[in-house]
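# Geometric and topological summary
For reference, the chains in residue letters:
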Amino acid sequence: MEKTYYNAEDLKKFADIGDYQKEMADKFFDWYGEVFNDGALSGKEKGLIALAVAHVVQCPYCIDAYTTDCLRNGYSEQQMMEAVHVGAAIKGGAILAHSVQMMNKVKNLTL
Amino acid sequence: MVSDTDSQLKALDEITRISKQVPYFMDKLALSGINNFNPVGLEIFQVNFGKLCNQACKHCHVNAGPSHTEIMDRRTMEYCLEAVNKHNIPVVDITGGAPEMNPNFRWFVKECRKLDKRVIVRCNLTIFFSGDEYNDLPVFFAENRVEVVASLPFYSADRTDRVRGKGVFDASVRGLQMLNANGYGRNGTGLVLNLVYNPSGAFLSAPQKQLEEEFKRELYKGYGIVFNNLYTMTNMPVSRFLDYLMRSDNYVAYIENLVNAFNPVAAMGAMCLNMISVNWDGYLYDCDFNQMLDLKVSQNRNNHISNFDAEFILNRNVKVSQHCYGCTAGAGSSCGGSTA
Ligand code: SF4
Ligand code: SF4
């Protein structure tokens, strides 16, 4: 059977999302392009942020795309890994911070 | 290994069948409204002194290395001098290998300068330290007002050494400092020092301006080095780099990226439209890359420097294949950096 989950070739079909809803797709791609333009942050910095976020949302397509982008922009492997750690720290921290909710509930339910 | 020219050309041809996204280069030009990809002038005379080099870099499109014996002889150099003189070609661009290792290198440079040519030497920097006879090259360059184009893969040691070999970054830094000490890259001296950057893998370069600013900042901060311009060059899918692309399964995606980044303005600035490239054995090519693919300007006798015919050269059809997408991607790529 054809590979159906996470096929690298599928990234090339991303623009096809417009086939089912063109207007929204056009707006999305325009906005996406705008987001990554140089602004108060440079496009280069935004690429590194995107790499960290891609890991947090665990999107293999974005990981490939922004790894390439970061290499192209001259980030070192160490810088890229540190960015991923930032993502992991926030994600891990968010999980642990939620444990306060668990502790609150435990305290509320127990004698 | 796809180092022989036939298998390289075959691979470049087959890509149009493997990927729907890769049309023949000529078809792509036509689709973009470019129906004439012919020379517009002859300003640059590029001479490749041969495959002898003190290094053996991973991305080298020349497949150069220390054991090669194919180098240009003095008779061929004399033909080159005759051609540039007779046809008033203003720029002589000397490359290799490490051209400085050719025993007639200094003589040739001086002869070109006597003819008042602008002389560019593509220098790998580590050559200064690969034998006593090369230590004074920065002085020789300065005395003859040679324009130096030095290749440096990156401004950090790890990435440079990975491409060029261990210790190359440190030696390159020392080489650049020697050039600076002789006035290169410094305001008011007129001694030009440009750097060349190639991406260290299967990806395209960041914009030239952005990288130039970073190289200037980092090299000055870390080592007090100054230089004039940074030229970004795309890794061309020929020879050693093509082999790497195929082995690492990056070939199709890399060419597709080049095609997707096709820029007609960059195409119109392609260096072959304004230069001729002479191989170590005197044969004539549109560019250094066509040398590696053995795509001579013609199959007739006017394909050799001993029969140089400027009229024919100016009216020739450039020999293209899918490697040409490397020159036309994004802001373009040439021996003088971006073209668009
Ligand atoms: S220094 Fe230049 S010519 Fe020599 S092997 Fe490296 S890339 Fe090739
Ligand atoms: S590879 Fe050579 S022939 Fe092809 S576009 Fe570039 S300079 Fe011209």
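It should be emphasised that the depicted structure is a prediction, and the values quoted were computed from it without experimental measurement.

Criteria and cut-off values
Residues numbered from 1 in each chain as written. Chains lettered and ligands numbered in written order. Predicted model: local features only at pLDDT ≥ 70, side-chain atom pairs only at ≥ 80, totals over all residues. Heavy atoms only, no water. Phe/Tyr/Trp six-rings, centres within 6.5 Å; stacked < 30°, edge-to-face > 60°. Helix = DSSP H or I, 4+ residues; strand = E, 2+ residues; numbered from the N terminus. Lys NZ or Arg CZ within 6 Å of the ring centre and 35° of its normal. Near = heavy atom within 4 Å. 1 Å grid on protein atoms, 1.4 Å probe; cavity = no way out; pocket = protein on both sides within 12 Å on 5 of 7 lines; lining within 4 Å. Sits in = over half its atoms within 2 Å of the grid points. Nonpolar A, V, L, I, M, F, W, Y, C, P; charged D, E, K, R; others polar. Contact = heavy atoms within 4.5 Å. Buried area = accessible area lost by both parts, 1.4 Å probe. Salt bridge = Lys/Arg side-chain N within 4 Å of Asp/Glu carboxyl O. Buried < 20%, exposed > 50% of the residue type's maximum accessible area, 1.4 Å probe, protein only.

### Examining the packing of aromatic side chains
Each aromatic ring pair is characterised by the separation of its centres together with the angle its planes make. For the structure shown, the criterion picks out 28 aromatic pairs over all chains. Ring geometry for F169 of chain B against Y223 of chain B: centres 5.7 Å apart, planes inclined by 70 degrees, an arrangement best described as edge-to-face. One end of the pair, F169 of chain B, is in helix α7 (residues 168-181); the other, Y223 of chain B, is in helix α8 (residues 208-223), with 54 residues separating them in the sequence. By way of ring pairs, the aromatic residues F14, F28, F29, W31, Y32, F36 and Y66 of chain A are connected into one cluster. Cation over ring: R75 of chain B sits above Y79 of chain B, and NZ or CZ is 4.1 Å from the ring centre.

### As for the site of ligand 2
Residue and element names in this part refer to chain B. The local shell around ligand 2 consists of F37, M236, M271, C272, C287, F289, N290, V318, K319, H323, C324 and C327. With respect to the detected pockets, ligand 2 is housed in the second largest cavity. In the shell around ligand 2, the residues fall into nine nonpolar, two polar and one charged.

### Section: the interface of chain B and chain A
Counting residues at the interface gives 15 residues for chain B and ten residues for chain A. Counting the surface lost from both chain B and chain A, the interface buries some 940 Å², and carbon and sulfur atoms represent 39% of this. It is R159, F203 and Q210 of chain B in chain B that bury the most area against chain A; as a group they hold 43% of the surface buried on that side. Where chain B meets chain A, there are four salt bridges. K44 of chain A is the partner of E214 of chain B in a salt bridge, and the nearest nitrogen-oxygen pair spans 2.8 Å. Where the side of chain B that touches chain A is concerned, the elements lending two or more residues are α6 (157-164) and α8 of chain B.

### Quick word on the pattern of salt bridges
Going through the model one piece at a time under the given rule, you end up with 23 salt bridges over all chains. Note that R118 of chain B and E147 of chain B form a salt bridge whose closest N and O atoms lie 2.8 Å from each other. One end of the pair, R118 of chain B, is in strand β3 (residues 118-123); the other, E147 of chain B, is in strand β4 (residues 147-151), and 29 residues separate them in sequence. Overall, the relative accessible area of 12% leaves E147 of chain B in the buried class. Between K216 of chain B and E212 of chain B there is a salt bridge, with its nearest N and O atoms 3.6 Å apart. Pair noted here: K216 of chain B and E212 of chain B are both in helix α8, with a separation of four residues, about one helical turn. According to the relative accessible area criterion, E212 of chain B is buried, its value standing at 10%. Three or more residues joined by partner-sharing salt bridges are found here, namely E77 of chain A together with D158, R159 and R162 of chain B.

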